[in-house]
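Observations on the three-dimensional arrangement
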Number of protein chains: 2
Amino acid sequence: MKIAVFVSGGGTNLQAIIDRITSGELTNVEIAEVIASNDSAFAIERAKIAGIPSKVISKKILGAEAYDEATLSELESIGAELVVLAGFLSMLGPKTVKAYANRIINIHPALIPAFCGQGMYGIRPHEAVLAKGVKVSGATVHFVNEHYDEGPIILQKAVDVLPDDTAETLQKRIMKECEQVILPKAIQLFADGKLEVVDNLVKFKN
Amino acid sequence: MKIAVFVSGGGTNLQAIIDRITSGELTNVEIAEVIASNDSAFAIERAKIAGIPSKVISKKILGAEAYDEATLSELESIGAELVVLAGFLSMLGPKTVKAYANRIINIHPALIPAFCGQGMYGIRPHEAVLAKGVKVSGATVHFVNEHYDEGPIILQKAVDVLPDDTAETLQKRIMKECEQVILPKAIQLFADGKLEVVDNLVKFKN
């Protein structure tokens, strides 16, 4: 199954996917292209090293509407069957989201419905977790619909917030123990045809 | 340390506390009285069997203001140092909450800040969890302040929501694996003087 991976930054979640394909843990999955929101994303280097085609499509340069059309046309031309947003800080356009309904997955570094929504990206959900004093956080993989962070949840994984945690140590632990575990797992479930969306809920097929 | 346990129903969380005192897992803790919101609470039977004094103080009968005064005066007369709301479906009055600031703890059957607040008691948070399709839930022990479910969080514990879960199976698992683990643990931490509230956050002292 051909997937396109959208990135904005360092690409550690992209790397986790690449590594699991290389090791054979993730099967029947091929990254057809890495699409970056900006040309300074280190994820582009990771793609190059792994021999994966990459492309920058910038909403800033194109404007929202042309961006939407450019991404959709790119996805169709490479034959992407699944779109993976792996640390992608921008938003796809409405045409793309509609055309790829239930075929776009996003990873969010918190337990939705907590610490999500507008402005909750990067280090911010972790800062909010510490400010609220919650003792458990984690990550969520979900399908993307027109309401960001509100699409059907596929997988979640929790970790304890530790007394000495800073936003940075929490972010790293959630990345390693949650995001990099459930994102490849969700991709595999999708590739194996085991996910079904019924009434905005994800059902697992046997 | 003398504690008062407020109950409204079956008293399974009360039983968990009694059992851990009996087994010696919970030390330096004595239940001075069980206070029920209604005389049909089975928790009263559990108290009797364990030889613990019990009392019904009914907000319905007394009215809100007299209820507040009656509970506060009862707590002071038995010398309660900590108030534990263990499946208590009513709300304590403002005088009691103020007099026992940072000395009232509540167990909520979900991961606050998710699935809490008005109307979220009993089976309802579990129904809401399933309706939203989240894959992780749990329980929260927190101090009670004037905003219910918003006081400083002491402990949280997560469990996976399973594909076949009903609200009832989820409720039972969270009760057993989360509530009955973290509630006694929080009581012990309090009894040992290890909890401190700083800027509305719980800090653990060594």
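Residues numbered from 1 in each chain as written. Chains lettered and ligands numbered in written order. Predicted model: local features only at pLDDT ≥ 70, side-chain atom pairs only at ≥ 80, totals over all residues. Heavy atoms only, no water.

Details of the relation of the copies chain A and chain B
In plain terms, the rule: The copies are overlaid by a least-squares fit using only the C-alpha atoms of residues whose pLDDT is at least 70 in both copies. In what follows, a contact means two residues having at least one pair of non-hydrogen atoms within 4.5 Å.
Superposition record for chain A on chain B: RMSD 0.0 Å, screw rotation 180°, translation along axis 0.0 Å. One copy is carried onto the other by what is essentially a two-fold rotation axis. Relative to the rotation axis, the C-alpha of A:Ala114 is the closest in chain A, positioned 2.8 Å from it. In this assembly the copies share their binding face: 100% of the residues contributing to the interface of chain A also contribute to that of chain B.

Comments concerning the sheet that holds strand β6 (residues 136-143) of chain B
Residues and elements named next belong to chain B. Selection rule: Pairing between strands is defined by DSSP: at least two bridges between them are needed. By the criteria applied, helices consist of DSSP H or I runs no shorter than four residues and strands consist of E runs no shorter than two, each listed in order from the N terminus. Simply put, an axis is a line fit to the C-alpha atoms, just over the touching stretch for a helix, and the angle between two N-to-C directions goes from 0 to 180 degrees.
Across the sheet, 7 strands lie side by side as β3-β2-β1-β4-β5-β6-β7; this open sheet has mixed pairing. Pairing within the sheet leaves two strands with one partner each, and these edge strands are β3 (54-56) and β7 (153-160). When strand polarity is set aside, the average angle formed by the axes of neighbouring strands in this sheet is 20°. For strand β4 (residues 82-85) and strand β5 (residues 104-108), the ladder comprises 3 bridges, and the chain directions are parallel. Counterpart to Val-84 in the pairing with β5 is Ile-105. Docked against the sheet, helix α1 (residues 12-23) engages β1 (2-7), β2 (30-36), β4 and β5, running at close to 165° with respect to β2.

What about the side chain of B:Ser37?
Residue and element names in this part refer to chain B. Applicable threshold: Burial here depends on accessible area, computed with a 1.4 Å probe over protein chains only, as a share of the maximum for the residue type. Under 20% is buried, over 50% is exposed, and the range in between is partly exposed. We define a polar contact as two N or O atoms separated by no more than 3.5 Å, with the added condition that, inside protein, one atom must be a possible hydrogen donor and the other a possible acceptor, whereas residues neighbouring each other in sequence contribute only through side-chain atom pairs.
Considering the arrangement of structural elements, one finds Ser-37 in the loop between β2 and α2 (43-49). By relative accessible area, Ser-37 is classed as buried at 16%. At 2.9 Å, the side chain of Ser-37 forms a polar contact with the side chain of Ser-8. Separated by 3.2 Å, the side chains of Ser-37 and Asn-38 make a polar contact. Beyond its immediate stretch of four places on either side in the chain, Ser-37 contacts Val-7, Ser-8, Val-56, Ile-57, Ser-58 and Phe-88.

Quick notes on the domain arrangement of chain A
Residue and element names in this part refer to chain A. To keep things clear, this is the line we draw: Domain start and stop points were drawn from an automatic or database domain assignment. A simple way to read buried area is as the amount of 1.4 Å-probe accessible surface that goes missing from two parts once joined, with both sides added.
You can read the domains of chain A as domain 1 (1-100) and domain 2 (109-139 + 156-206). Each of domain 1 and domain 2 was reduced to a C-alpha centroid, and the two centroids are 20 Å apart. With 17 residues of domain 1 in contact, the opposing surface of domain 2 contributes 10 residues. Roughly 1200 Å² of surface becomes buried between domain 1 and domain 2 when both sides are summed, with 69% attributable to carbon and sulfur atoms.

Looking at empty space enclosed by the protein
Any empty space left between the atoms is revealed when a probe the size of a water molecule rolls over them. The line we're drawing: Using a grid of 1 Å spacing that covers the protein atoms alone, one calls a set of points a cavity when a 1.4 Å probe fits there but cannot get out, and a pocket when the set is open and has protein on both sides within 12 Å along at least five of seven lines; lining residues are those with an atom within 4 Å of a point. Grid points are joined across faces, edges and corners, and a volume is the space filled by probe spheres set on the points. Amino acid classes used here: Ala, Val, Leu, Ile, Met, Phe, Trp, Tyr, Cys and Pro are nonpolar; Asp, Glu, Lys and Arg are charged; the rest, including Gly, are polar.
Counted by the stated rule, this structure contains 1 cavity of 30 Å³ or more. Taken as a whole, the largest cavity holds about 130 Å³ of empty space. Residue lining of the largest cavity: 17 residues in total, with A:Leu111, A:Ala114, A:Val136, B:Leu111 and B:Ala114 positioned closest to the centre. In terms of residue class, the lining of the largest cavity is made up of 15 nonpolar, 2 polar and no charged.

Considering the interface of chain A and chain B
Basically, it comes down to this: A side-chain nitrogen of Lys or Arg and a carboxyl oxygen of Asp or Glu constitute a salt bridge if their distance falls within 4 Å.
Counting from both sides, the interface comprises 23 residues of chain A and, opposite them, 23 residues of chain B. Together chain A and chain B conceal approximately 1600 Å² of surface at their shared face, both sides included; 70% is due to carbon and sulfur atoms. In terms of surface lost to chain B, no three residues of chain A exceed A:Lys132, A:Lys135 and A:Gln156, which account for 31% of the buried area on that side. Inspection of the chain A/chain B interface yields 0 salt bridges. There are 4 residue pairs in polar contact (both at pLDDT 80 or more) connecting chain A and chain B. Counting residues per element, the ones that place at least two in the side of chain A that touches chain B are α6 (124-132), β7 (153-160) and β9 (201-204) of chain A. With 6 residues, β7(A) is the largest single contributor of residues to the side of chain A that touches chain B. A class-by-class count of the residues in the side of chain A that touches chain B yields 17 nonpolar, 2 polar and 4 charged.

Overview of the packing of helix α6 (residues 124-132) of chain B against helix α7 (residues 167-191) of chain B
For any two helices packed against each other, the geometry comes down to the angle between their axes and how far apart the axes lie. Residue and element names in this part refer to chain B. Counted only if it meets this: Small angles under 35 degrees read as roughly parallel and large ones over 145 as roughly antiparallel, with 65 to 115 read as roughly perpendicular and the rest as oblique. Crossing chirality is assigned from the near helix's rotation relative to the far helix, an anticlockwise turn below a right angle marking it left-handed and a clockwise turn marking it right-handed.
Across the interface, α6 lies against α7 with an axial gap of 9 Å and an inter-helix angle of 120°. Viewed along their axes, α6 and α7 adopt a mutual orientation that is oblique. Like other packed secondary-structure pairs, α6 and α7 cross with a definite hand, here right-handed. Here His-126, Glu-127, Val-129 and Leu-130 of α6 lie close against α7, whose contacting residues are Ala-167, Leu-170, Gln-171 and Ile-174. Among the residues making up the contact of α6 with α7, the classes are represented as 5 nonpolar, 2 polar and 1 charged.

Some details on the packing of aromatic side chains
Residues and elements named next belong to chain A. Put simply, the rule is: Centre distance within 6.5 Å is the pairing criterion for rings of Phe, Tyr and Trp, where only the six-membered ring of Trp is used; planes under 30 degrees apart are then read as stacked, over 60 as edge-to-face, and the remainder as tilted. Put simply, a charge is over a ring when the Lys NZ or the Arg CZ is close to the ring centre, within 6 Å, and near the line of the ring normal, within 35 degrees.
Counted under the stated rule, the structure contains 4 aromatic pairs over all chains. Seen from their ring centres, Phe-143 and Phe-190 are 6.3 Å apart, and the 65° between their planes marks the pair as edge-to-face. Highlighted residues: Phe-143 in strand β6 (residues 136-143) and Phe-190 in helix α7 (residues 167-191), separated in sequence by 47 residues. The exposure classification of Phe-143 matches that of Phe-190, with both residues buried. Its guanidinium or amino end placed over the ring of Tyr-100, Arg-103 lies 4.2 Å from that ring's centre, counting from NZ or CZ.

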